[in-house]
Amino acid sequence: MSVGRSKAKVFVETDTKTSFADVAGVDEAKAELQEIVAFLKDPASYGRLGGRVPKGVLLVGPPGTGKTLLARAVAGEANVPFFSINGSEFVEMFVGVGAARVRDLFEQAHQKAPCIIFIDELDALGRARGASPYGGGHDEKEQTLNQLLSELDGFDTRAGMVLLAATNRPEILDPALLRAGRFDRQVLVDRPDKIGRVQILRVHVKKIHMAADVDLETVAALTPGFTGADLANLVNEAALLATRRGAEAVTLVDFTAAMERIVAGLEKKNRLLNPHERAVVAHHEMGHTLVALSLPGTDTVHKVSIIPRGIGSLGYTIQRPTEDRYLMTRQELENKMAVLLGGRASETIVFGELSTGASDDLAKVTDIARSLVTRYGMTEELGLVVYEKSPRSFLGGEPQQMTYQERSYSEATAREIDAAVKAIVEAAFRRTVTLLREQRDILERGARLLLEHETLDEADLAQLLAKEPVVAG
């Protein structure tokens, strides 16, 4: 019976056409893995000072950042057999099969050394033992993990065997798996910065016919937070949009439309709003835009539109960061809150009534204000004390909303926190209302232009602020 045989796919150098030239935007991770490749090509000279290659290298990062692509590039560069298997392929319905497959995998690899073993989605196999005592045990998974741990302990790197693994959930892995001597090195494969995004786009645009005047720096600036997989999808969507309109080459307009489609959703031109609703949406979006244009240090407004998109969006304002940011001051956070409250403030000033259109904005504002108070220690009343831990989130995912969180402060402090959060939001709203009242005429003109043209770009907004007549962009 072949039930206990490993399902690993064995690639030799002729099968894997990927090289490090195909990997862009993750230079640090690439440099770490090039060291592994150098060792496998010439283990004798690499270990001349007594050093040894790391037993295991764990690639950690959000989904779509290129962990599997990096592993394939290592296989293509090293010219050694490459055993590739997914973590979920070890566990079967029969007891003991997972452990047998681990043994078989390492036996096969030992016979073909020097070689690389790659386990994708390691979290399917290496989840911490006893992590969910209330969900029922699963001895089969634990047996498989125990077998993997013992194989790693008996691993002889002098034979030229290297274990690569990838996961986007390192926080649930068993601590015994992560200790030195098993996975000696953890390599972070993070979301690319702007320079990395330009490099990744250069790799992907080779496959399409692109207009000569497209500036990839501009495209990269429009896509903060995009992973390598997102950028590959963006290039493909832009090519499809250009093909659909019968163009000869892909232009910047196609890239912008593809980005809007990915971020905001499909245009819903058949979702007809009544005239009053359209007016409310136009003033709401122009409120966001005007506040963003008025406050220093906020991201540049790239486009504002009242064309409905996706499931619930009746309009959208797209801002383009001028640079990658890793720290924010309290002033910048307050400016961000003001921009988010611009829509509700505009509705209040113009119509004197409230609508449900600002619900998502209010949720984001409340989250920022609560973080100011409970996590960043930015209020004098409550001091430099952290009252709430960061919401637990998997890499690249949304924070997990815990149904129960143990509180380490009193009811009196909880009341103070609620009062401080409310005061911060109210102060930001009053500031936003004052700002928009001072520019009421520009707000009204901008809303009329939006109702007339439906979409305004940077050039149109610059003319609006200069009080020049705007021609449809």
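Note that the structure is a prediction, hence the values are computed from the model and not measured. (Residues numbered from 1 in each chain as written. Predicted model: local features only at pLDDT ≥ 70, side-chain atom pairs only at ≥ 80, totals over all residues. Heavy atoms only, no water.)

Digging into the overall build of the protein
Part 1 of the reasoning: Across its full length, the protein holds 17 helices and 9 strands.
Part 2 of the reasoning: Within the protein, the proportion of its 473 residues that are buried is 45%.
Part 3 of the reasoning: In the protein, the share of contacts with a sequence separation of at least 24, taken over all contacts with a separation of at least 6, comes to 75%.
Part 4 of the reasoning: Element-wise, carbon and sulfur atoms account for 52% of the exposed surface of the protein, whose accessible area totals about 24,300 Å². (Helix = DSSP H or I, 4+ residues; strand = E, 2+ residues; numbered from the N terminus. Buried < 20%, exposed > 50% of the residue type's maximum accessible area, 1.4 Å probe, protein only. Contact = heavy atoms within 4.5 Å. Areas by Shrake-Rupley, 256 points an atom, 1.4 Å probe, with all protein chains shown as cover.)

Some remarks on the side chain of H302
Part 1 of the reasoning: Along the chain, H302 turns up in strand 7 (residues 300–305).
Part 2 of the reasoning: Its relative accessible area of 12% is what places H302 among the buried residues.
Part 3 of the reasoning: Each residue touching H302, except ones within four places of it in the same chain, is listed here: L222, T256, I318, Q319, R320, D457 and E458.

Brief notes about the environment of R437
Part 1 of the reasoning: Topologically, R437 is positioned in helix 15 (residues 411–438).
Part 2 of the reasoning: With a relative accessible area of 56%, R437 lands in the exposed category.

Observations regarding unusual backbone geometry
Part 1 of the reasoning: Despite not being glycine, N79 shows a phi value in the positive range, around 55 degrees.
Part 2 of the reasoning: For E121, which is not glycine, the phi dihedral falls at a positive 50 degrees.
Part 3 of the reasoning: By relative accessible area, which is 33% here, E121 ends up partly exposed.

Thoughts on helix 17 (residues 458–465)
Part 1 of the reasoning: Three or more residues of helix 17 are buried, namely D460, L461 and L464. Angularly, the buried residues of helix 17 cover 95 degrees about the axis, an arc narrow enough to put them on a single face.
Part 2 of the reasoning: Contacts from the buried residues of helix 17 go to helix 12 (275–294), strand 7, helix 16 (440–453) and strand 9 (455–457).
Part 3 of the reasoning: The N-cap of helix 17, judged by a side-chain oxygen 3.2 Å from the amide nitrogen of A459 a few residues on, is D457. (Arc of directions from axis to C-beta. Polar contact = N/O pair within 3.5 Å; in protein donor to acceptor, adjacent residues only side chain to side chain.)

Remarks on the sheet that holds strand 9
Part 1 of the reasoning: In space, the 3 strands of this open sheet follow the order 8-7-9, with antiparallel pairing throughout. Every other strand in the sheet has two partners, leaving strand 8 (316–320) and strand 9 as the edge strands with one partner each. Each adjacent strand pair in this sheet contributes to an overall mean axis angle of 20 degrees, direction not counted.
Part 2 of the reasoning: Strand direction decides the pairing type here: strand 7 and strand 8, joined by 5 bridges, are antiparallel. Its bridge partner lying in strand 8, T300 is registered against R320.
Part 3 of the reasoning: Running over the sheet, helix 12 touches strand 7, strand 8 and strand 9 and is turned about 170 degrees from strand 7. (Pairing = 2+ DSSP bridges. Axes fitted to C-alpha atoms, helices over the stretch in contact; angles between N-to-C directions.)

Quick look at the pattern of salt bridges
Part 1 of the reasoning: The full count for this structure, using the stated rule, is 15 salt bridges.
Part 2 of the reasoning: Here E260 ties to R309 by a salt bridge, and the two come within 3.1 Å at their closest N and O atoms. Remark: R309 occurs in the loop between strand 7 and strand 8 and E260 occurs in helix 11 (residues 252–264); sequence separation between them is 49 residues.
Part 3 of the reasoning: Overall, E260 belongs to the buried group, its relative accessible area being 3%.
Part 4 of the reasoning: Note that D360 and K364 form a salt bridge whose closest N and O atoms lie 3.3 Å from each other. Taken together, the residues D360 and K364, both in helix 14 (residues 359–374) and 4 residues apart, mark about one turn of the helix.
Part 5 of the reasoning: Residue K364 is classed as partly exposed on the basis of its relative accessible area, which comes to 43%.
Part 6 of the reasoning: Each of E32, E35 and R185 takes part in salt bridges that share partners, so that together they form one network. (Salt bridge = Lys/Arg side-chain N within 4 Å of Asp/Glu carboxyl O.)

Concerning the packing of aromatic side chains
Part 1 of the reasoning: Under the criterion given, the structure shown has 2 aromatic pairs.
Part 2 of the reasoning: Centroid distance F82 to F118: 6.0 Å. Interplanar angle 20 degrees. Geometry classified as stacked. On the criterion of sequence distance, the pair formed by F82 in strand 3 (residues 82–86) and F118 in strand 4 (residues 115–120) is long-range, its members being 36 residues apart. The pair F82 / F118 is uniform in exposure class, with both members buried.
Part 3 of the reasoning: Their ring planes at 90 degrees and their centres at 5.7 Å tell us that Y387 and Y409 sit as a pair that is edge-to-face. With Y387 in the loop between helix 14 and helix 15 and Y409 in the loop between helix 14 and helix 15, this pair connects stretches of sequence that are 22 residues apart. (Phe/Tyr/Trp six-rings, centres within 6.5 Å; stacked < 30°, edge-to-face > 60°.)

Focus on the pairing of strand 5 (residues 161–167)
Part 1 of the reasoning: Extensive coverage of strand 5 is indicated by the burial of 7 of its 7 residues.
Part 2 of the reasoning: Of the two faces of strand 5, the one lined by M161, L163, A165 and T167 and the one lined by V162, L164 and A166 are each fully buried.
Part 3 of the reasoning: Inspection of the sheet shows strand 2 (residues 56–60) paired to strand 5 by 5 bridges, in the parallel sense. Each bridged residue has a counterpart across the sheet, and for V57 the counterpart in strand 5 is L164.

Remarks on the nonpolar core
Part 1 of the reasoning: In this structure, L201, I208, L234, V250 and F255 are the most contacted members of the largest nonpolar core, which totals 28 residues.
Part 2 of the reasoning: Broken down by secondary-structure element, the contributors of at least two residues to this core are helix 8 (194–204), helix 9 (216–221), helix 10 (228–244), helix 11 and strand 8.
Part 3 of the reasoning: Top contributing element to this core by residue count: helix 10, with 7 residues.
Part 4 of the reasoning: In contact with F255, other than residues within four places in its own chain, are V205, I208, M210, V214, V219, L234, V235, A238 and V250.
Part 5 of the reasoning: Within the second largest apolar cluster, 27 residues are counted, among which are V37, L59, A71 and F118. (Core = buried A, V, L, I, M, F, W, Y, C linked by side-chain atoms within 4.5 Å.)

Examining the packing of helix 1 (residues 27–41) against helix 3 (residues 67–78)
Part 1 of the reasoning: Where helix 1 contacts helix 3, the axes come no closer than 10 Å and their chain directions differ by 30 degrees. Here helix 3 runs roughly parallel to helix 1, going by the angle between their axes. Crossing handedness for the pair helix 1 and helix 3: right-handed. For the pair formed by helix 1 and helix 3, the contact residues are A29, K30, L33, V37, L40 and K41 on the first element and L70, V74, E77 and A78 on the second.
Part 2 of the reasoning: Here the residues of the contact of helix 1 with helix 3 sort into 7 nonpolar, no polar and 3 charged. (Parallel < 35°, antiparallel > 145°, perpendicular 65-115°, else oblique. Left-handed = near helix turned anticlockwise from the far one by under 90°. Nonpolar A, V, L, I, M, F, W, Y, C, P; charged D, E, K, R; others polar.)

Some remarks on the confidence of the model for the protein
Part 1 of the reasoning: Model confidence for the protein is summarised by a mean pLDDT of 84, while 87% of its residues fall at 70 or above.
Part 2 of the reasoning: Least confident of the elements in the protein is strand 1 (residues 9–11), whose mean pLDDT is 61; most confident is helix 15, at 95. (pLDDT = per-residue confidence, 0-100.)

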